[in-house]
Amino acid sequence: MNHFFKSPIYITKPLLPDREKYFELLNNIFDSGILSNNGKYLLELEGSLRSILDVPNLRLFNNGTTALLTAIRVLNLAGEVITTPFTFPATPHTLIWNGIKPVFCDIEETSMNIDVFEIEKYITNKTSAILAVHTFGTPCHVGKIERIAHDHNLKVIYDSAHAFMTKIVYESIGNFGDISMFSFHPTKLFHTSEGGALTYNNSSLDEKVQLLRNFGIKEEGIILESGINGKMNELQAAMGLIILDLVEEERKKRESISNLYKQILSQRNGIYFQQLHELVVPSYQYFPIRIKEKEFGKSRDFIYDELKKYNVFARKYFYPLCTEYSYYDGPKDFPVAKTVSNEVLCLPFYGELTESDVENICNIILG
Ligand SMILES: *Cc1c(COP(=O)(O)O)cnc(C)c1O
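Note that this is a predicted model, so its numbers are computed, not measured.

Visitor: Can you tell me about the overall build of the chain, naming the residues and giving the values?
Guide: Scanning the chain from terminus to terminus reveals 12 helices and 15 strands. Taken against the 2.2 N^0.38 rule, which gives 21 Å for 367 residues, the C-alpha radius of gyration of the chain at 21 Å falls within 12% of a compact globule. Expressed as lengths along the three principal axes of its C-alpha atoms, the size of the chain is roughly 65 × 55 × 40 Å. When the 367 residues of the chain are sorted by exposure, 56% land in the buried category. Across the chain, every contact between residues at least 6 apart in sequence was considered, and the portion connecting residues at least 24 apart equals 70%. Of the accessible surface of the chain, which amounts to about 17000 Å², a share of 50% is contributed by carbon and sulfur atoms.

Given below as structure tokens:
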């Protein structure tokens, strides 16, 4: 057990703001007495994020799930929405909470994203949209999805929870589809303790986004929509402002960790990495590998258990598939998603991991 870690190694470690800097902003919040409702720090963070993500419109929310619930309402979706089973439960759950039936479509093996050549099979006269996920920050085939949506008059929402700062060629990921959702949960690279955002090119959506985020209240006594409370508070926004300054350095560190993992793990057959197009700037959200048991000699589950013995807690994202949840009673036959879900493992991935940590983790995996 010479590779045993004294303290547990988890899949991620949230960036924490410098205490003094955060306390200074908290002092200002105390002095102002304004804790929520379009406060100073919320507006400042919205401005900074619009510029960093290079998007014309962005509104902050108290978490990514509320943001996605709201996006579905903003676009008036109904009936059926085509989505992927290889995602976090929040993706289909936001459809169900809006009274919409999630219709699952298989994924494509190398990107692990929805298979654009399967989508049209599932379009019926009840389909209102495609809800696709940029899985682990790898962009979907946005061009093909746009064409399908155009041909069938469908809306497109992207769950971009993993895709903070991803770019396709020079275009920000937040500029595709009708609306994109970002999550700022502490497990995400950029976070606000809890939080989320919607981005959209069409500025005429902005009024409805703001109304639905705040109970539908237009002004005192005038309520125009059956809105929700999706507001981010000032303590979250202040944390985001300080953490935003740490993101570039964290991304650089993760880039070298990713290179080191690949260099060591590619020495053996049977371990596969996500393939990124050379013109894609990745988000460095997760480091997923796929372990093909026949070639590697050991299964994903074996490696997962083995790592645990050494105090390393990798995560089986995304296992089980959304189609395996106990309450789901629709079709379950998605062979690619099923295979990928049984092979995938997200390894510990955060800037504080040292080279020797990464080498140890690889040694445990390679046995
Ligand atoms: C994190 C995540 C969400 C949910 O975001 P929250 O901010 O935690 O509500 C949704 N979809 C995916 C793919 C996620 O990883």
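Visitor: Any details on the packing of helix α8 (residues 247-265) against helix α12 (residues 355-366)? Residues and values, ideally.
Guide: Following both chains from N to C, one finds α8 and α12 inclined at 30°, their axes separated by 10 Å at the closest point. Handedness of the α8/α12 crossing: right-handed. Along its contact with α8, which presents Ile257, Leu260, Tyr261, Ile264 and Leu265, the element α12 presents Glu355, Val358, Glu359, Ile361, Cys362, Ile365 and Leu366. Considering only residue class, the contact of α8 with α12 consists of 10 nonpolar, no polar and 2 charged.

Visitor: So what's going on with the side chain of Asn311? Which residues, and what values?
Guide: With respect to the helices and strands, the residue Asn311 is situated in the loop between α10 (300-309) and α11 (335-343). The class for Asn311 is buried, based on a relative accessible area of 14%. Here the side chain of Asn311 touches Lys6 through a polar contact of 3.5 Å, landing on its backbone oxygen.

Visitor: Residues and numbers for the packing of aromatic side chains, please.
Guide: This model, assessed by the stated rule, comprises 15 aromatic pairs. Summarising the aromatic geometry, the rings of Phe136 and Phe318 are spaced 5.6 Å apart at their centres and angled 0° between planes, so their arrangement reads as stacked. Residue Phe136 is located in the loop between β4 (127-133) and α5 (142-152), and its partner Phe318 is located in the loop between α10 and α11; the two are separated by 182 residues in the primary sequence. As far as the burial class goes, Phe136 and Phe318 line up, both buried. Among the aromatic residues, those joined into a ring-pair cluster are Phe86, Phe136, Tyr286, Tyr317 and Phe318. A cation over an aromatic ring shows up here: Arg213 above the ring of Phe61, its NZ or CZ 5.9 Å from the ring centre.

Visitor: So what's going on with the environment of Tyr41? Residues and values would help.
Guide: Tracing the backbone through its elements, the reader meets Tyr41 in helix α2 (residues 40-53). The buried category is assigned to Tyr41, whose relative accessible area is 5%. In the structure, Tyr41 is positioned 202 residues away from Ile243 in sequence and 13 Å away in space, judged by C-alpha atoms. Not counting chain neighbours up to four residues away, the residues in contact with Tyr41 comprise Leu25, Asn28, Ile29, Glu234, Ala237, Ala238 and Leu241. Side chain to side chain, Tyr41 and Asn28 meet in a polar contact 3.0 Å long.

Calculation rules
- Every residue gets a number counted from 1 within its own chain, in the order that chain's sequence is written.
- Totals for whole chains, interfaces and linings use all residues, but because this is a predicted model, local features are given only for residues with pLDDT of at least 70 and pairs of side-chain atoms are given and counted only at 80 or more.
- To obtain the side-chain values, all non-hydrogen atoms of the structure were used and water was disregarded.
- The helix and strand labels rest on DSSP assignments: H or I over at least four residues marks a helix, E over at least two residues marks a strand, and numbering proceeds from the N terminus.
- Radius of gyration here is computed from C-alpha atoms only, and the compact-globule reference equals 2.2 Å multiplied by the residue count raised to the power 0.38.
- Only protein chains enter the accessibility calculation, which uses a 1.4 Å probe; a residue is then buried when its area is under 20% of its type maximum, exposed when over 50%, and partly exposed in between.
- By definition, residues are in contact when any of their heavy atoms lie within 4.5 Å.
- Calculation of accessible area relied on Shrake-Rupley with a 1.4 Å probe; when residues are assessed, cover is drawn exclusively from the protein chains displayed.
- Interaxial angle, 0 to 180 degrees, is taken between N-to-C directions of lines fitted to C-alpha atoms, where a helix line uses only the stretch in contact.
- The crossing is said to be left-handed when, going from far helix to near helix, the turn is anticlockwise and less than a right angle, and right-handed when the turn is clockwise.
- Ten residues, namely Ala, Val, Leu, Ile, Met, Phe, Trp, Tyr, Cys and Pro, are considered nonpolar, four, namely Asp, Glu, Lys and Arg, are considered charged, and the remaining ones, Gly among them, are considered polar.
- Any pair of nitrogen or oxygen atoms within 3.5 Å is treated as a polar contact; in protein, a donor-acceptor pairing is required on top of that, and neighbouring residues in sequence qualify only through side-chain atoms on both sides.
- Geometry of aromatic contacts follows a simple scheme: Phe, Tyr and Trp rings, the Trp one being its six-membered ring, pair when their centres are within 6.5 Å, and the pair is stacked under 30 degrees between planes, edge-to-face over 60, tilted otherwise.
- In this analysis the charged atom, NZ for Lys or CZ for Arg, is taken to sit over a ring once it is within 6 Å of the ring centre and within 35 degrees of the ring normal.

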